[in-house]
Amino acid sequence: MLGEMSSIAFIILYGVSYGLVLALIAIGLVVTMGLMRVTNLAHGAFAAIGGYLSTGLMVKGGMPFPLAVLAASLVVALFSIAVERAFYVYLYTAPELEQVLLTIGLDFIAIGALTFFYGPNVYPTPLPFYLAANVDLGIQSIQLYRLAVVAVSLLIIAALWYMFDRTTLGAQIRAAVDNRTMAQSTGINVSRLFSLVFALGSGLAALGGALGAPMLPLEPLYPFKYLILVLIVVALSGFGNVKSVVGVALLVGIVETAGRLLFPSLSGFMIYLLLIVLMIWRRDGLFVTRRAQ
Amino acid sequence: MTRALREAAWTLVLSGMLTSGSIAQETIKVGIIGEFTGSFATSGESYRQGIDAYFAKNGDVVAGKKLELIYRDAAGKPGDAARLAEELVVNEGVKVIGGLTLSSEVAAVAPVMTDAKTPFTSFSAAAPGLAAKSPYFVRAGQDVRASGQAAARSALKNGKRHAYTAVSDYVAGQQAEEAFTAEFKAGGGEIVGQDRIPLSTVDYAPYAERIANANPDVVQIFVPTGAPAVSMLQAIGARGLMKKIMVIGTGAEAEDNDLHLFNDSIDGYYSVMYMTAQLDTPLNKWFREYLVGKFGAEALPNPHSVGAYDGMTIIARMIESQAGKQFDADAAVASVLGYSFEGLRGPMKINDDRELTQNYYLRQVQKVDGRLENVLLETFPNIKP
Amino acid sequence: MKTLPRSSILSRYRLHLADILLCVVPLLAYLLFPKYLALGSMVLVFALFAMSFDLLLGFAGILSLGHAAFFGIGAYTAGLLAIAGWNEAICGVLGAALLCAAVAGVAAPFLLRLTGLPLVMVTVGMSSILLEAANKASWLTGGDDGLYGIRLRPLFGRFAWSISGETKFLYTFAWLLVSFFVIRRLVSSPFGVALQGIRENSSRMKLMGNSVLPHLIIAFVVSATFAGVAGALWAQTGGFVGLGVLSLDTSIDVLVMLVLGGLGSLYGGLIGAPVYLIFKNFAQELNPFYWMFFVGALLIVVVRFSRGGILGLIESSVTRFAGRKKQR
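Residues numbered from 1 in each chain as written. Chains lettered and ligands numbered in written order. Predicted model: local features only at pLDDT ≥ 70, side-chain atom pairs only at ≥ 80, totals over all residues. Heavy atoms only, no water.

Chemist: Describe the nonpolar core, with residues and values.
Modeler: If you look at the biggest cluster of nonpolar residues, it comprises 210 residues, and the most contacted ones within it are Tyr88 and Ile104 of chain A together with Phe46 and Leu255 of chain C. At 17 residues, the largest contribution of residues to this core is made by helix H3 (residues 37-59) of chain C. Beyond its immediate stretch of four places on either side in the chain, Tyr88 of chain A contacts Val38, Asn40, Ala42, Phe46, Val83, Thr103, Leu106 and Phe198 of chain A. Core analysis: the next-biggest nonpolar cluster, separate from the first, contains 58 residues, Leu156, Met246, Phe287 and Ile350 of chain B among them. (Core = buried A, V, L, I, M, F, W, Y, C linked by side-chain atoms within 4.5 Å. Buried < 20%, exposed > 50% of the residue type's maximum accessible area, 1.4 Å probe, protein only. Helix = DSSP H or I, 4+ residues; strand = E, 2+ residues; numbered from the N terminus. Contact = heavy atoms within 4.5 Å.)

Chemist: Summarise the packing of aromatic side chains; cite the residues concerned and give the values.
Modeler: In this structure the tally under the stated criterion is 32 aromatic pairs over all chains. Sitting above the plane of the Phe36 of chain B ring, Arg48 of chain B keeps its charged end 4.5 Å from the centroid. (Phe/Tyr/Trp six-rings, centres within 6.5 Å; stacked < 30°, edge-to-face > 60°. Lys NZ or Arg CZ within 6 Å of the ring centre and 35° of its normal.)

Chemist: Can you lay out the interface of chain C and chain A for me, pointing to particular residues and giving the numbers?
Modeler: Contact with chain C, which involves 35 residues of that partner, is made by 38 residues of chain A. Interface area, chain C with chain A, both sides summed: about 3,500 Å², of which 85% is carbon and sulfur. Inspection of the region where chain C meets chain A yields zero salt bridges. Connecting chain C to chain A are one residue pair in polar contact (both at pLDDT 80 or more). Those elements giving two or more residues to the side of chain C that touches chain A turn out to be helix H6 (116-136), helix H12 (248-261) and helix H14 (290-305) of chain C. (Buried area = accessible area lost by both parts, 1.4 Å probe. Salt bridge = Lys/Arg side-chain N within 4 Å of Asp/Glu carboxyl O. Polar contact = N/O pair within 3.5 Å; in protein donor to acceptor, adjacent residues only side chain to side chain.)

Chemist: Describe the sheet that holds strand E4 (residues 96-99) of chain B, with residues and values.
Modeler: All names here are of chain B. Strand order across the open sheet formed by six strands is E2-E3-E1-E4-E5-E6, with mixed pairing between neighbours. The two strands at the open ends of the sheet, each matched to only one other strand, are strand E2 (61-62) and strand E6 (137-139). Note: E2 against strand E3 (residues 65-73), two bridges, orientation antiparallel. For Val61, the partnering residue across the bridge sits in E3 and is Lys66. (Pairing = 2+ DSSP bridges.)

Chemist: Residues and numbers for unusual backbone geometry, please.
Modeler: Residue and element names in this part refer to chain B. One non-glycine residue, Ala252, lies in the positive phi region at around 60 degrees. For Ala252, the location among the structural elements is in the loop between strand E10 (246-249) and strand E11 (270-273). By relative accessible area, which is 14% here, Ala252 ends up buried. Not every positive phi belongs to a glycine, and Arg354 is a case in point at roughly 70 degrees. Checked against the element boundaries, Arg354 lands in the loop between strand E13 (346-350) and strand E14 (356-368).

Chemist: Explain the interface of chain C and chain B to me, using residue names and the numbers behind them.
Modeler: Taken together, the contacts link 25 residues of chain C with 30 residues of chain B. Taken together, both faces of the contact between chain C and chain B bury some 2,500 Å²; the carbon and sulfur share is 53%. The tally of links between chain C and chain B comes to two salt bridges. A salt bridge links Asp115 of chain B to Arg151 of chain C, with the shortest nitrogen-to-oxygen separation between them at 3.3 Å. Here chain C and chain B share four residue pairs in polar contact (both at pLDDT 80 or more) between them. Elements represented by at least two residues in the side of chain C that touches chain B include exactly H3, H6 and helix H13 (267-286) of chain C. Looking at side-chain class alone, the side of chain C that touches chain B contains 10 nonpolar, six polar and nine charged residues. (Nonpolar A, V, L, I, M, F, W, Y, C, P; charged D, E, K, R; others polar.)

Chemist: Give me the lowdown on the pairing of E11 of chain B, citing residues and values where you can.
Modeler: Residue and element names in this part refer to chain B. Of the two faces of E11, the one carrying Tyr270 and Val272 and the one carrying Ser271 and Met273 are both buried. The pairing of E10 with E11 spans two bridges and is parallel. The partner of Gly249 across the bridge, within E11, is Ser271.

Chemist: Please set out a nonpolar patch on the surface residue by residue, giving values where relevant.
Modeler: Residues and elements named next belong to chain C. Among the surface-exposed residues, Ile20, Val24, Leu28, Leu31, Leu32, Phe33, Tyr36, Ile278 and Phe282 lie close enough to one another that they form a single nonpolar patch of about 850 Å² accessible area. For the nonpolar patch, the secondary-structure elements that each account for two or more residues are helix H2 (17-32) and H13. Examined against the element boundaries, Tyr36 turns out to sit in the loop between H2 and H3. (Patch = residues over 30% accessible without salt bridge, like charges linked within 9 Å, V, L, I, M, F, W, Y side chains within 5 Å. Areas by Shrake-Rupley, 256 points an atom, 1.4 Å probe, with all protein chains shown as cover.)

Chemist: Talk me through the side chain of Ser41 of chain C; I want residue IDs and the actual numbers.
Modeler: Relative to the elements of secondary structure, Ser41 of chain C occurs in helix H3. With sequence-adjacent residues up to four places away left out, Ser41 of chain C is seen in contact with Lys168, Phe169 and Thr172 of chain C.

Chemist: Break down the side chain of Ser80 of chain A for me, citing the residues and quoting the values.
Modeler: Along the polypeptide, Ser80 of chain A turns up in helix H3 (residues 65-91). Setting aside residues no more than four positions away along its own chain, Ser80 of chain A makes contact with Phe46, Phe198, Ala199 and Ser202 of chain A.

Chemist: Summarise the confidence of the model for chain C; cite the residues concerned and give the values.
Modeler: All names here are of chain C. In the predicted model, chain C carries a mean pLDDT of 85, and the fraction of residues at 70 or more is 91%. Mean pLDDT across the elements of chain C ranges from a minimum in helix H1 (residues 6-10), with 50, to a maximum in helix H4 (residues 68-83), with 95. We note a pTM of 0.85 for the whole complex and an ipTM of 0.81 for its interfaces. (pLDDT = per-residue confidence, 0-100.)

Chemist: Describe in detail the packing of H3 of chain C against helix H8 (residues 166-187) of chain C, supporting the description with residues and values.
Modeler: A pair of packed helices is captured by two measures, namely the crossing angle of their axes and the spacing between those axes. Residue and element names in this part refer to chain C. Running from N to C, H3 and H8 cross one another at 15 degrees; their axes reach a closest spacing of 8 Å. One element, H3, and the other, H8, form an angle in the roughly parallel class. The chirality of how H3 crosses H8 is left-handed. Contact residues: H3 offers Leu37, Gly40, Ser41, Leu44, Val45, Ala47, Leu48, Met51, Leu55 and Phe59, while H8 offers Glu166, Lys168, Phe169, Thr172, Phe173, Leu176, Ser179, Phe180, Ile183, Leu186 and Val187. (Axes fitted to C-alpha atoms, helices over the stretch in contact; angles between N-to-C directions. Parallel < 35°, antiparallel > 145°, perpendicular 65-115°, else oblique. Left-handed = near helix turned anticlockwise from the far one by under 90°.)

Take a look at the structure:
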């Protein structure tokens, strides 16, 4: 009985921390895809760059972990505006295939650049001593770092929730997602909104990458490696639907963790099976209501 | 005017041809197929280091001929390795090929080499039974079965009787696990858990959890070098297992040149490998100093650079045996059968089946003068696969 | 997406300059570069693979990131047939093609009800599962070590498979030509016209009374069949099959090759594959790290400035040149 409780506790604690990092990375992509209708396969690259920058600041610049994460996210957010103006504006009216191709091209460039600056190997992220210790919760012992990830992610997500639900900006974003032309005709500056949202999304991805780096190690192929997982979360959430992202990401994190804990040899299949079943059964997303086109 | 120019040009050309003829020495071409890009790029870098050291120590002339190395990048793709091998033989006229990090590359290249009657030797490939794939193959790398066996022996010697095996789910991992399991059970031990971890795994914490739940006193690990090794070992360390039980690796997860990728939780990690950076021989000491001096403090000996160095020794021996005659592949291979020599890694002998009898070493990561290092604990001499 | 003039693909019996080039250029390469025939065979195999993908993406408008699944099934089938003793080359390819057609026929009715991102995701999911399964079934596929020892009986009992690669090259070339003319015949038929109509606007096609799904299914199955042929040729000319044939990398590679060359004309893949592979072969020797950088930049340039890929570039410069001529 204790063994089962311990396993359940493990699945919850680890699955949730893993899922929340995925959620941070995925939220940005969900909003981008919902708002700008751009299939942005280069989203993972922003997460990777965020992670690399943050680790670099810690290792070479001696910055403390929380500060490095914040700084890296801000830098990536600003940088992404430049990228958006240069490449993505063209994609807003382009067919889906071209979006896929151009963003894959951006991924390749990012991977080449990361290999050039940081080498082809794993770029290890050292944990500050106050996070590396284990905390004994009775039925389960867990690294303090994981608890910190859960806490910080929930805070950020709560802040986003608030922004989307209660602020004017949030309302504008939701309006533009639901019906872009209508939103424009009410005077919302959609193109400025796009840049802002893109920066927000990329900054969040960078935050996820930086915060999650001790858990999801950094290497040049990071953009492709986690692309699939993030896309799975996005596809299952439905586009533009921020609230369901968290739920879906937690589901993915828990299924992955549970799969590996309980059925280690089959775990490679489980997430893809889940994806296929859910895509065929509920292709609009898991928790989504119908939207006006 | 033009006539004078033309004459001058011809004189230049002719004298150039004559002088180059007199300076030119006979060369013999050797192909090196390695991973210089892609996920295994660090092994390619290590090859270059090992080969560089070999030339520094032995010069590049063997039996009166100058060795000319031609490098090709297989980038981790066995199909490309086969095509590159073909090109090296057909286009470049290489007489011997060395390198080949992955066992799948050896398998892909074998039929090509047999058809082309060209000897080849793997510097790192680790699967058992590779030599049987072609009569022209000589192994210079690891045999993963021997590592598994030696690991089991160490565990038994240390009084461990309940083992858990956690290996990556591919052929090399499976073979390491099978070898360990057979030896451990034969010695009276019991296997309390067996995991084959998908290669696509990113978060290894659940596997560390499974190990902890099963309560073994020894865990055998086999995970590819790089991100998987770092994640797996850090997950095990985070769970507090490294100090509690004997965690023993059989797949070069934490070689000295990679230790800077890990945090202190790896202190206490055991591993079995056919080489050790700490080997107390003059040759190894020189090798260490040379690498660190030329390539930096992180360039410590690892299985790839050592494999490359010793592999070059074997290749040189093959070429030497053909001194003064046309290079005959069959005779070259025959000449190294039974060849015993003091390699960089210790005493080596090439068996009649072209596999390698060599020492295996048990090492442990310890903090020495504030630095993490693989300290040599025990030697298992002359293991014949 | 740029549509090419209907007349160019619909005239079944006219031989275009491009067709003649297709027949002549590889033969020239064979004569001029006898030392690079192994690379040449690989290029031909991927040209065929890219062409099959063009049928799927360029003509039917189905974006799949899992096309490598059929390449892989073809490769492993041909390899296993040869190892099991049925080592007649042509039969090996036919067997592989049949199996791919069967698998595609079963999967397509379910798969093709999806569009857009869900479709892409499911194709990725399915090919990932296949890859994982192939890895686990190492008793069948050799797992990570791969399938080796693929030896074939001399072609037609006379032409041996030498290491210099002449037989392999010509054999692959023959298959490429045959496949090209078959697919061309298909797309310049009423079926092909309907397919392009569906790609442009499937709701309108439905209203006009055309059944969308069966057309898509047929396109998918044919595309998968020829991908299987390409895979079988890969196994037969390389003598080795590794897990890489099923990977996402391979699916992305073929997508990039096709886009580079230009979608929707069948010739695009035939141009894109050589350009991509030859460039890759030499770029990796020069500057391994920068390879990804160059490919990314190339991709962006193609998408941004030349929607039709290299073929589009050629077409627009030809029309500009012809236009200028007219002005004179």
